[in-house]
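Letter by letter, the chains look like this.
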Amino acid sequence: MKLYIGNKNYSSWSMRSGVLLAAFGIPFEEVKLRFDFSEGSPWNRTIGTLTPTRRVPVLIEDDGFAVWDTLAITEYLADRHPEHPIWPRALRDRARARSLCAEMHAGFSRLRTVCPMNIEAFFPDVGARLWAEDEALRTDVQRLDAAWRDALAGSGGPFLFGEFSAADAYFAPVAVRLSRFSLPVSEASAAYRDALIAHPAVEDWVADAMREQD
């Protein structure tokens with residue numbers, strides 16, 4: 001399989017699928033398309049041949065079959081690799097993990113808007129100002145904190161449902177955002193944030209992003 005991604009430093013959506021594949025040791029070839037939307041760029045020449053959405057990530061099978069959107073990619077990988085606990089094995093944990101991923105997929109728009117993905121940069125002063133001024137941002141982070149604490153209390157950690165799962169891959173870019181903008185969360189959520197950033201698949205992605213310098 002090939003996973004087409006954008007710049008690792010900026011593409012939070014790409015990070016979700018890339019971290020998921022790497023975390024479970026599923027063989028794939030990574031193909032990076034640099035975010036360059038100018039006419040005739042490699043991005044514009046390539047992305048439309050892969051997916052009608054013209055967005056990354058997109059997973060391409062050996063026979064050319066394409067799966068796009070991070071939730072669809074996650075479900076496809078779970079079906080294709082039932083030997084891995086991509087979703088938690090317990091029925092209710094699996095349902096809750098899907099619920100959290102769907103909430104992340106569609107929500108937290110203020111957090112994503114005012115705290116954009118930029119792995120190589122640290123913005124604690126900006127984060128402090130935003131936290132003081134932006135009620136919608138505080139609401140997003142407080143909801144995130146509550147969701148994390150609830151899952152961790154049920155599982156005992158270190159990840160949301162005990163073992164690393166798709167839910168953790170989904171929240172990896174959020175953990176990076178919280179760390180780069182130094183946004184305050186509870187002690188339990190801070191420990192989870194740090195454990196997630198320290199996961200080898202996340203560490204490798206972050207290291208690659210830091211080397212891009214693009």
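Residues numbered from 1 in each chain as written. Predicted model: local features only at pLDDT ≥ 70, side-chain atom pairs only at ≥ 80, totals over all residues. Heavy atoms only, no water.

Asker: Explain the pattern of salt bridges here, please?
Answerer: Opposite charge on two side chains permits them to pair, given that their charged atoms come into close proximity. Under the criterion given, the structure shown has 14 salt bridges. For K8, the salt bridge goes to E30, with nearest N and O atoms at 3.1 Å. A residue pair is termed long-range when its members are at least 10 positions apart, and K8 in the loop between strand 1 (2-5) and helix 1 (12-23) and E30 in strand 2 (residues 29-32) qualify at 22 residues. In this structure E30 comes out as partly exposed when scored by relative accessible area, which is 36%. For R211, the salt bridge identified is with D208, shortest N-O distance 2.4 Å. Remark: D208 and R211 occur in helix 10 (residues 200-212); sequence separation between them is 3 residues, near one turn of the helix. Exposure remark for R211: the relative accessible area of 59% places this residue in the exposed category. Connected via shared salt-bridge partners are K8, E30, D208 and R211. (Salt bridge = Lys/Arg side-chain N within 4 Å of Asp/Glu carboxyl O. Helix = DSSP H or I, 4+ residues; strand = E, 2+ residues; numbered from the N terminus. Buried < 20%, exposed > 50% of the residue type's maximum accessible area, 1.4 Å probe, protein only.)

Asker: I tried to follow the layout of surface pockets on my own but got confused; where do I start?
Answerer: One water molecule sets the probe size; rolling that probe over the atoms shows where empty space is left. When its volume is computed, the largest pocket comes out at roughly 370 Å³. Taken together, 16 residues make up the lining of the largest pocket; nearest its centre are W13, T53, R55, V56 and P57. Of the residues contributing to the lining of the largest pocket, the split by class is 8 nonpolar, 5 polar and 3 charged. (1 Å grid on protein atoms, 1.4 Å probe; cavity = no way out; pocket = protein on both sides within 12 Å on 5 of 7 lines; lining within 4 Å. Points joined across faces, edges and corners; volume = space filled by probe spheres on them. Nonpolar A, V, L, I, M, F, W, Y, C, P; charged D, E, K, R; others polar.)

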